[in-house]
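The lines below spell out each chain.
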Amino acid sequence: MWVYEKKLQYPVKVRDCNPRLAKYLIEQYGGADGELAAALRYLNQRYTIPDKVIGLLTDIGTEEFAHLEMIATMIYKLTKDATPQQMEAAGLGDHYVNHDSALYYHDAAGNPWTATYIQAKGDPIADLYEDIAAEEKARATYQWLIDISDDPDINDSLRFLREREIVHSMRFREAVEILKEEKGKKKFF
């Protein structure tokens with residue numbers, strides 16, 4: 001199903017070790033509105049979505065994995081040279097004690113990722129509205145990350161991710177309209 005190119009969807013540059021910023025970025029790695037939850041949500045929902053929009057969920061779900069890879073790269077680069085003391089000072093002491101510098105799916109507060117983040121109702125319109133909300137929440141989180149970051153290179157990558165969330169939200173809105181139009185058509189037997 002996938003062809004993997006050994007490059008990120010968008011370049012990730014990191015100037016300095018910054019575990020504090022990495023702690024906040026972890027929200028998009030393993031948080032409720034993060035990239036893992038989005039990818040799994042869309043790829044799961046596509047099994048009960050009408051054929052007219054199934055490709056959209058496949059495409060966006062796959063792209064979310066590319067975003068997850070970008071976030072993982074940022075977190076790794078921001079923490080790879082951090083001392084245990086720097087990790088603790090940044091609020092990542094618990095993470096360090098449990099995982100050293102390994103990435104682990106949890107949110108910025110340290111709550112582990114859970115499958116309860118993935119919503120699937122089986123009603124295409126309800127699921128697409130859930131997807132729109134998820135994209136808008138991710139967009140807001142990216143904006144807030146940009147607001148607290150002072151790293152122009154990281155902010156460049158975060159702006160790219162924020163803009164992709166906007167595009168995904170628009171595409172899901174289009175899918176809702178396609179399905180509403182399809183639902184309203186008369187069927188002849």
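Rules of the game
Residues numbered from 1 in each chain as written. Predicted model: local features only at pLDDT ≥ 70, side-chain atom pairs only at ≥ 80, totals over all residues. Heavy atoms only, no water. UniProt positions renumbered as here; feature names shortened; annotations may be inferred. Core = buried A, V, L, I, M, F, W, Y, C linked by side-chain atoms within 4.5 Å. Buried < 20%, exposed > 50% of the residue type's maximum accessible area, 1.4 Å probe, protein only. Helix = DSSP H or I, 4+ residues; strand = E, 2+ residues; numbered from the N terminus. Lys, Arg positive; Asp, Glu negative; His and termini not counted. Salt bridge = Lys/Arg side-chain N within 4 Å of Asp/Glu carboxyl O. Contact = heavy atoms within 4.5 Å.

An unreviewed UniProt entry annotates the protein chain as Spore coat protein CotJC originating from Peribacillus castrilensis. Per UniProt, the protein chain carries the Sequence similarities (unreviewed entry) text "Belongs to the manganese catalase family."

Visitor: Hey, could you run me through the nonpolar core in this one?
Guide: Among soluble globular proteins, nonpolar side chains are generally buried collectively. Formed by 24 residues in total, the largest nonpolar core has its most connected members in Leu25, Ile71, Met74, Ile75, Leu158 and Leu161. Listed by contribution, the elements that provide at least two residues to this core are helix 1 (19-30), helix 3 (51-79), helix 6 (124-148) and helix 7 (152-184). When residues in this core are grouped by element, the largest group, 7 residues, is from helix 3. Judged by nonpolar contacts, the second largest core, of 15 residues, contains Ala38, Ile125, Phe172 and Val176.

Visitor: Looking at this structure, how should I read the UniProt feature "binding site: Ca(2+)" (unreviewed entry) in the protein chain?
Guide: The sites that carry the UniProt feature "binding site: Ca(2+)" (unreviewed entry) are, in the present numbering, Asp59. Classification of aspartate 59 by relative accessible area gives exposed; the value is 53%.

Visitor: What's the story with the side chain of aspartate 107 in this structure? I'm lost.
Guide: Inspection of the secondary structure assignment puts aspartate 107 in the loop between helix 5 (93-99) and helix 6. Buried charged residue aspartate 107 carries no salt bridge. Nearest counter-charge: lysine 23, at 7.2 Å. For aspartate 107, the contacting residues outside a window of four places in its chain are Ile26, Glu27, Gly30, Gly31 and Tyr117.

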